[in-house]
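Chain and residue survey
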Amino acid sequence: MSWIQQTTREDFSRARRKALITQLLSLVDRSSNELLAFEEVRSRLNVRSQRDLGLHSVPVAQIIGSEGRYADFDRQFAPRHQATMSRWLSVDRAFHEAVTLPAVELYKIGDIYFVKDGNHRVSVARLQGQVDIDALVIELVVDVPLGSDLSMRSLLLKEEYSDFLEWTELASLRPEQRMEFSEPGGYLALIQHINAHRYYLSQEQGSEVTRDEAVTRWYDTVYMPVVSVIRESGALRSFPGRTEADLYRWIMDHRWYLRERNGGADPGPLVALEDYVRLFGRLSLAELTERLMRGLRAAVKPSTDRAA
């Protein structure tokens, strides 16, 4: 066996060990190590257009899916089966012999990429620590942001977000918008808020309000004022892992509760936020310590007064 044959076989064995170890770790921490299927992602999002971007240098770490070979490699493009060995060895041999291979072909959606052609080349590049790879890129333009942490669970949330943006046209009406939820169902609540706002606007004006007007008025006069209060107060620190949209939804529900409790008087977003954080927010270690110390001082003071 020549040195190049031995080297490439050792590389493949190392890649397979990496796949097995990563699979075991994913079982322990219950994380997903699956390569994403391009068609699964594409079919769940509303694609506005498609364009050929030509040749680009693409970060290998942002290639997290494949059009047809998603079952043959894991999330890091380590080979999952011995069946990929022959093709993998030939690509790895080209790497060691500094043979220039054709650029891979990729689909781009958001900030992530899917292999159209060249799965083994991406796999070898990942194993060899290659940072970038030359690729012919076709971009599918969508309104929702996608990053390399995308999973099947988060894809379901992106699907809801994509449908919400299609219904509201908010990405066109307010391009700066960014509203993401940490759990399903949030966008349906936003649509209910918009429809209610549209109804009240129509009642005030005495005429039908268009959908676009209702969406922009809701975003400008209802959603963003609450979000601004959330940002200025730093309230998200009390809700780790949650988003501004999550907190907006909860604050609006709590605001309605306080209004009903107070006989119809609207407390406003700031009072509703402060009360909600007081009742349900997670305390930081410093805040928890301060509360405990206040409690201890309050408990000690009466006995000290009696002793005096």
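Residues numbered from 1 in each chain as written. Predicted model: local features only at pLDDT ≥ 70, side-chain atom pairs only at ≥ 80, totals over all residues. Heavy atoms only, no water.

Quick notes on the overall build of the protein
Here is the rule: Here a helix means four or more residues in a row that DSSP labels H or I, a strand means two or more in a row labelled E, and each is numbered from the N terminus. Here the radius of gyration uses the C-alpha set of atoms, whereas the globule reference equals 2.2 Å times the residue count to the power 0.38. Buried, partly exposed and exposed residues are distinguished by accessible area as a fraction of the type maximum, computed with a 1.4 Å probe on protein chains only: under 20%, between the cut-offs, and over 50%, respectively. In this analysis, two residues are considered to be in contact whenever any of their non-hydrogen atoms come within 4.5 Å of each other. The method behind every accessible area is Shrake-Rupley, applied with a 1.4 Å probe, and residues are considered shielded solely by the protein chains displayed. We count Lys and Arg on the positive side and Asp and Glu on the negative side, and we leave His and both chain ends out. Where a charge lies is defined by one atom per residue type, namely NZ (Lys), CZ (Arg), CG (Asp) and CD (Glu).
A count of helices and strands for the protein gives eleven helices and six strands. The globule rule puts the C-alpha radius of gyration for 308 residues at 19 Å, and the 27 Å found for the protein is more than 25% above it. Overall, the protein is about 90 × 70 × 25 Å in size when its C-alpha atoms are taken along their principal axes. Counting only residues that meet the buried cut, the protein has 40% of its 308 residues in that class. If you take every contact in the protein between residues at least 6 apart in sequence, the share linking residues at least 24 apart comes to 72%. Of the roughly 17200 Å² of accessible surface on the protein, a fraction of 52% belongs to carbon and sulfur atoms. For the protein, the separation between the mean place of its 40 positive charges and that of its 44 negative charges on side chains is 6 Å.

Topic: the nonpolar core
The tendency in soluble globular proteins is for nonpolar side chains to be buried side by side. Definition in use: Note on terminology: a nonpolar core comprises buried Ala, Val, Leu, Ile, Met, Phe, Trp, Tyr and Cys residues joined through side-chain atoms within 4.5 Å.
Grouped together as the largest cluster of nonpolar side chains are 50 residues, with contacts concentrated most on Ile109, Phe164, Met179, Trp218, Tyr223 and Leu247. Here this core takes eleven residues from helix α8 (residues 211-233), the largest share from any one element. The contact partners of Leu247, leaving out residues within four places of it in the chain, are Ile230, Ala235, Leu236, Phe239, Leu273 and Tyr276. Formed by 23 residues, the second largest nonpolar core is a distinct cluster that contains Phe77, Val104, Leu106 and Val124.

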